[in-house]
Amino acid sequence: MTKTTNDVNALAVGANETRADAKAKAQGREPYAADYYPDGVLWAGAVRPGARQGVAHARLLAIDTAAAAALPGVVKILTAADVPGTNRQGIVHKDMPVLVGDKLRYAGDPVALVIAESREALRQAIGLVVVSLEPLPAVCDPVAAMAEGAVRVHDERADNLLAAAEIRLGEGAQGLDHCDVVVAGSFSTPVQAHGFIETENGVACCAPDGSLTMTISTQAPFRDRMEIAHALGLSFDQIRIVAPCLGGGFGGKDGATVQCLLALAALHSDGRPVKMVWGREENLLAGYRRHSCRVDYRLGANRDGTLEAVHCRLVYDTGAYAHLGGEVMALGMEHAGGPYRIPHVLIEGQCVYTNNPVAGAMRAFGVCQVTFAFEAMIAELARELGIDPLALRRQNALLPGDTNCAGVVVGESTGIADCLDLIAGHPLWLERAAWKDAAPPGTQRGVGLAAVFNAAGYGAKVRDSAIAKVELTGDGQFVVHNAVSDMGQGNAAAFVQIAGHVLQQDAARVSVRQPDTATAYPSGSSSAGRTTFTFGNALIVACEQLKARLINRAGLLLFVDDDSTLTLVPGKIVHQASAREVSLARLAGFLRDEERSCLGEYVAPLCPDPGTGKGFFIGFPHVVFAYGAHLARIEVDLSTGQIRVVDYLAVTDGGQVINPAMYDQQVHGGVAQGLGYALMEDLATRDGQVLAGDFSRYLIPGALDLPEITSVACPGEESRGPFGMKGIGEVAMNGPLPAVANALADGCAIHLRDAPLTPERVLLALESLAEESSQ
Amino acid sequence: MSEIVFELNGEQTKLAVSPTRRVIDVLREDLKLTGSKEGCGTGECGACSVLVDGQLRLACLMVAGQLDGHRLTTVEGLGESPLGAKVQTAFAQAGAVQCGYCTPGMEIAAVDLLSRQPDPSRDEVRAALSGNLCRCTGYVKIIDAVCQAADVLNASEDAQS
């Protein structure tokens, strides 16, 4: 068929379709939660006295609101006594007060909520609230927090241990006894901030009938409803959450940030809308962050390079509240043996409360910490054994049907060996020796590798399901009712592409409605590499049903009794044999409203219990994994210690690719965030006080800090994923820190065990190396 | 309150506003032009970038009084110029847009660069965008977009000449 100007092409899975949201975003038209300024809006903000008074743990003695309340423009000041429900929030453990009533457990704990007519009045009033605190000894080191007699962060708990678990395979740590070579190391990883550009915010309004409508920058609109209902004693149906596109999330908007505070404010605003926007300083203090981690490893192998045994111990600092601390630890443990075959495994994990700010979910949670350590151990083992580091990884790489370090038999879609082979054949690897030799004077060059993987989905004991809705509108257009927030990863655009593909429609005929608990159906959070996998599968079901129904109804109009002779094409249904057709707009008018929508449901596969874990609550183990092999080529300035990443190659096994450009976007973004983690990001605290309050003291990579990043998709297919895909939003985050650390070891023979790999640390290590060699 | 008069995206605009009110608040709250974003409020992220008399400025570090008598272009007006429209199209097509929150500021910085240097190297693009933070993209496709816009621009100028 020759293409005429009237032809339009249906969207196709696998094609480089322009992201459905790109144009509106490029023109500044896409509405984010922060962009809502309803008429008559009030402003709400929290009083967080711990940071102001330099205290991380304190008894709350009194709150004097008189001066603040007297300020013109102040509408109301609320304290814990005004919270109607349980006053507790948290995804798994409900341990975080909306407003603190008894004691502060970290510097960002809020004790009062101010509502004011303007932002200026709000800012002044917050400063005028006088809070009397009795400082308590604070415990800010996770190891110290586990010691006998340590100060308790939560008085009602026996100790500070939030979670402890172990994974044991084969002979466990005793497997190390009969290894030819054992390497060991202790590592630490920093706290990382999500650094999304749109800070935590939302707007809420309470109608006279008591119903709340909230527009929130959130990754989990349906769970927010549950959190608010629990904390404030409301019923689910009183709360409607609208979740527009997010200006970044990365895990930091999974869990309550502004939600309960804002709902509380709305309940006290006499029907007026109320808005809350955290500034960057508040984001860095009271927003969630990546867990810091202490890691101890012993890794053993035979002389021929066969990995035999691993023993590791992980301590995660969850800060003052649980959030997903136990699940973060569990996921880290599940990945602590790398994407390799190791018969004897002992992995011990602990997650500890401290008086530090609250750690929570962040891209590749728990995993990037252990990957740093494990991949440094593999590199060291390669040096010990005199085996090429790529060959050593390839030799031990998991193959379909192998058992991973958590005791899970991995499926057909296990592409780590293929990823490594693609690295092996790449010029950046093949030509490394010549490239290193060409280092300019005063510099040293090195090349480092990392083999990484990351589970997708919630893991055992948590139903990972979605309910998708697709609708034919009255004028013959299709709308996908997205139920899992799009924080920028492009899942909404992927849904448009999937719907267009199944329904054979072009881009102009398919749009997406962002999540709204009043019109969409509970489908879980936008997280865990499960968003497109789970909702996408549900959407295929919905679209196929709708397609069958439309064809069937068109048959009535066209006097065709064999549905198989009718074809859905852009804008119409045609009967090829007779050249008769009916437009979708006309067909829509023939259908009743409820006939024009279809729902599709999907529940992601769960892993049968391998019987290897002890002490896990939920989220262990997983059954679908994305894999990757990364290569970093770095140049170190020997006089400043500055690392410049010159080239970066990331090969990713994400199964089939739904959209190549969007695939690369996820890989680029993960690598960029990972390079920030490797080189500069450290949201440090001293005695529980956050040292950075802005982007001049918490550095994230700018355009001059990052290399050209090459993303290569490794061919593969995950048969359970929609069109064979699996989620790759997280896996790329895991590579950069170990790849750069290994490149540093390769180029300069220094082995940094504490991240980030700052110029100061590099320089100090270079100096001690020089001292050692001069002795 | 005082009255300021300025050109906003090609239209003469008169506004009664406190001269010390931040331009980002004037745009987003008073004028409902929410395309310009605020990411830090301290001049570090570039999300609020605007053009004042064609030059790159940060709306979070300017006050309303500074607009008086000047020409202000925001992302909403960017598409009016051939250069701005090409930059926006290139951002959408090159995959430079993910969450999109830095995008308006990035485009403004790109237009500022291309109006001074119509044929920049990738390193020049990196330098010109170094005041704008993006957390999603790793900048690769943003740089691609700016180079693509430059190519399209130069090709159309070649065609005209």
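Residues numbered from 1 in each chain as written. Chains lettered and ligands numbered in written order. Predicted model: local features only at pLDDT ≥ 70, side-chain atom pairs only at ≥ 80, totals over all residues. Heavy atoms only, no water.

Please clarify how the overall build of chain B should be interpreted in this entry.
Across its full length, chain B carries six helices and five strands. Counting helices and strands in the order they occur from the N terminus, chain B gives β-β-α-β-β-β-α-α-α-α-α. In terms of overall dimensions, chain B has a C-alpha envelope of 45 × 40 × 20 Å along the principal axes. By sequence separation, contacts in chain B at least 24 residues apart represent 55% of the contacts at least 6 residues apart. Accessible surface, chain B as shown: approximately 6,100 Å² in total, 48% of it carbon and sulfur. (Helix = DSSP H or I, 4+ residues; strand = E, 2+ residues; numbered from the N terminus. Contact = heavy atoms within 4.5 Å. Areas by Shrake-Rupley, 256 points an atom, 1.4 Å probe, with all protein chains shown as cover.)

Looking at this structure, I do not really get the overall build of chain A. What am I missing?
Along the backbone of chain A there are 20 helices and 31 strands. A globule of 775 residues ought to have a C-alpha radius of gyration of about 28 Å, and chain A, at 27 Å, matches this closely. Reported as C-alpha extents along the three principal axes, the dimensions of chain A are approximately 90 × 75 × 50 Å. Burial status across chain A gives 64% buried among its 775 residues. Relative to all contacts within chain A whose residues are 6 or more apart in sequence, the contacts with residues 24 or more apart total 81%. In the form shown here, chain A has an accessible surface area of approximately 26,500 Å², with 51% of it arising from carbon and sulfur atoms. (Rg over C-alpha atoms; globule rule 2.2 N^0.38 Å. Buried < 20%, exposed > 50% of the residue type's maximum accessible area, 1.4 Å probe, protein only.)

Explain the interface of chain B and chain A here, please?
How big an interface is tends to be reported as the loss of accessible area on association of its parts. Contact with chain B, which involves 45 residues of that partner, is made by 55 residues of chain A. In this structure, the connection of chain B to chain A is made through seven salt bridges. Between B:R28 and A:D35 there is a salt bridge; the shortest N-O distance is 2.9 Å. Linking chain B with chain A are 27 residue pairs in polar contact (both at pLDDT 80 or more). Those elements giving two or more residues to the side of chain B that touches chain A turn out to be α1 (23-30), α2 (75-78), α3 (82-93), α4 (103-116), α5 (122-128) and α6 (140-160) of chain B. Looking at the side of chain B that touches chain A element by element, the count peaks at four residues for α3(B). (Salt bridge = Lys/Arg side-chain N within 4 Å of Asp/Glu carboxyl O. Polar contact = N/O pair within 3.5 Å; in protein donor to acceptor, adjacent residues only side chain to side chain.)

What is the right way to look at the confidence of the model for chain A in this model?
Should pLDDT be low for a region, the predicted coordinates there are not to be read in detail. Looking at chain A as a whole, the pLDDT averages 97, with 99% of positions reaching at least 70. Considering only residues more than four positions removed or in separate chains, one finds that residues 1-6 of chain A, a stretch of pLDDT under 50, has three contacts. (pLDDT = per-residue confidence, 0-100.)

For this particular structure, what's the right way to read the pairing of strand β27 (residues 624-637) of chain A?
Along any regular strand the residues' side chains alternate between the sheet's two faces. Residues and elements named next belong to chain A. Burial of β27 is extensive: 13 of the 14 residues sit out of reach of the surface. Two elements, strand β18 (residues 443-456) and β27, share 14 bridges in a ladder whose sense is antiparallel. Bridge assignment links R445 to a residue of β27, and that residue is E635. Summarising the sheet, β27 and strand β28 (residues 643-653) pair through 10 bridges and their orientation is antiparallel. In the strand pairing of β28, R633 is matched with D647. Hairpin connection between β27 and β28: a loop of five residues separates the two successive antiparallel strands, and G641 in this loop has a positive phi of roughly 80°. (Pairing = 2+ DSSP bridges.)

Looking at this structure, I do not really get the packing of aromatic side chains. What am I missing?
Geometry of an aromatic ring pair is reported as the spacing of the ring centres plus the angle between the planes. All names here are of chain A. Considering all chains together, one arrives at 12 aromatic pairs over all chains under this definition. Relative to Y627, the ring of F453 has its centre 5.9 Å away and its plane inclined at 20°; by these criteria the two rings are stacked. Here the residue F453 occupies a position in strand β18, and Y627 occupies one in strand β27, the gap between them amounting to 174 residues. A single burial state applies to F453 and to Y627, both of which are buried. Connected via pairs of aromatic rings, a cluster forms that spans Y297, Y340 and F374. (Phe/Tyr/Trp six-rings, centres within 6.5 Å; stacked < 30°, edge-to-face > 60°.)

Please clarify how the side chain of B:Q98 should be interpreted in this entry.
Along the chain, the position of B:Q98 falls in the loop between α3 and α4. Every residue in contact with B:Q98, bar those within four places of it in the chain, is listed here: A:R19, A:D21, A:K25, A:G488, A:Q665, A:Q666, B:C136 and B:T137.

Help me understand the nonpolar core in this model?
Generally speaking, a soluble globular protein has its nonpolar side chains buried in company with each other. Ranked by internal contacts, the top residues of the largest apolar core, which has 229 residues, are A:Y297, A:L299, A:L539, A:I573, A:I643, A:V740 and B:F91. Other than its neighbours up to four places away in sequence, A:L539 contacts A:A468, A:V470, A:V480, A:F495, A:I498 and A:A499. Counting 65 residues, the second-largest nonpolar core is a separate cluster that includes A:L232, A:V258, A:A320 and A:Y321. (Core = buried A, V, L, I, M, F, W, Y, C linked by side-chain atoms within 4.5 Å.)

Just to check I follow, could you spell out the sheet that holds strand β3 (residues 74-79) of chain A for this structure?
Working definition: the strands of a sheet are paired by backbone hydrogen bonds and lie parallel or antiparallel to each other. Residues and elements named next belong to chain A. Across the sheet, seven strands lie side by side as β3-β7-β1-β14-β11-β12-β13; this open sheet has mixed pairing. Only two strands of the sheet have a single neighbouring strand rather than two, namely β3 and β13 (239-242). Within the sheet, the average angular offset between the axes of one strand and its neighbour, ignoring direction, is 20°. Note: strand β11 (residues 201-206) against strand β14 (residues 274-277), four bridges, orientation antiparallel. (Axes fitted to C-alpha atoms, helices over the stretch in contact; angles between N-to-C directions.)

Just to check I follow, could you spell out the domain arrangement of chain A for this structure?
Residue and element names in this part refer to chain A. Per the domain assignment, the segments making up chain A are domain 1 (22-30 + 465-603), domain 2 (36-136 + 200-277) and domain 3 (292-459 + 609-774). Centre-to-centre, using C-alpha coordinates, domain 1 lies 38 Å away from domain 2. Each side of the interface is counted separately: domain 1 has 20 residues, and domain 2 has 20 residues. In total, about 1,400 Å² of surface goes out of reach between domain 1 and domain 2, with carbon and sulfur atoms giving 57% of it. Three residues stand out in domain 1 for area buried against domain 2, namely S485, M487 and T517, and they jointly supply 41% of the buried area on that side. Run the count over domain 1 and domain 2 and you get one salt bridge. Residues D516 and R240 are paired through a salt bridge, measuring 2.6 Å at the closest nitrogen-oxygen approach. Of the residues contributing to the side of domain 1 that touches domain 2, the split by class is seven nonpolar, eight polar and five charged. (Domains from an automatic or database assignment. Buried area = accessible area lost by both parts, 1.4 Å probe. Nonpolar A, V, L, I, M, F, W, Y, C, P; charged D, E, K, R; others polar.)

Would you mind showing me how to read the pattern of salt bridges here?
Where charged atoms of side chains with opposite charge meet at close range, the side chains can pair. One pass over the full model with this rule turns up 48 salt bridges over all chains. Among the ionic pairs, A:K94 bridges to A:E227, the shortest N-O distance being 3.3 Å. Of this pair, A:K94 sits in the loop between β4 (88-89) and β5 (96-97) while A:E227 sits in helix α6 (residues 221-232), placing them 133 residues apart in sequence. A:K94 sits in the partly exposed class, given a relative accessible area of 34%. With a shortest N-O distance of 2.8 Å, A:E595 and A:R553 are connected by a salt bridge. Here A:E595 is found in the loop between α17 (584-590) and β25 (597-603), whereas its partner A:R553 is found in helix α16 (residues 531-558), with 42 residues between them in sequence. Of the two residues, A:E595 and A:R553, neither departs from the other in class, the shared state being buried. Salt bridges here are not isolated pairs; linked through shared partners, they connect A:R119, B:R21, B:R22, B:D25, B:E29, B:D30 and B:E38.

Sorry if this is basic, but what is going on with the environment of A:T519 here?
Residues and elements named next belong to chain A. With respect to the secondary-structure elements, T519 resides in the loop between β21 (510-513) and α16. T519 sits in the buried class, given a relative accessible area of 19%. Separated by 37 residues in the primary sequence, T519 and N482 place their C-alpha atoms 9.4 Å from one another.

How should I be thinking about the domain arrangement of chain B in this particular structure?
All names here are of chain B. Partitioning chain B into domains gives domain 1 (2-77) and domain 2 (80-160). Once you take the C-alpha centre of each, domain 1 and domain 2 turn out to be 21 Å apart. At the interface, 18 residues of domain 1 touch 14 residues of domain 2. In this assembly, domain 1 packs against domain 2 so that about 1,200 Å² is buried in total across both faces, 59% of it on carbon and sulfur atoms. Looking only at domain 1, the three residues that lose the most surface to domain 2 are K37, L56 and V75, adding up to 35% of its buried area.

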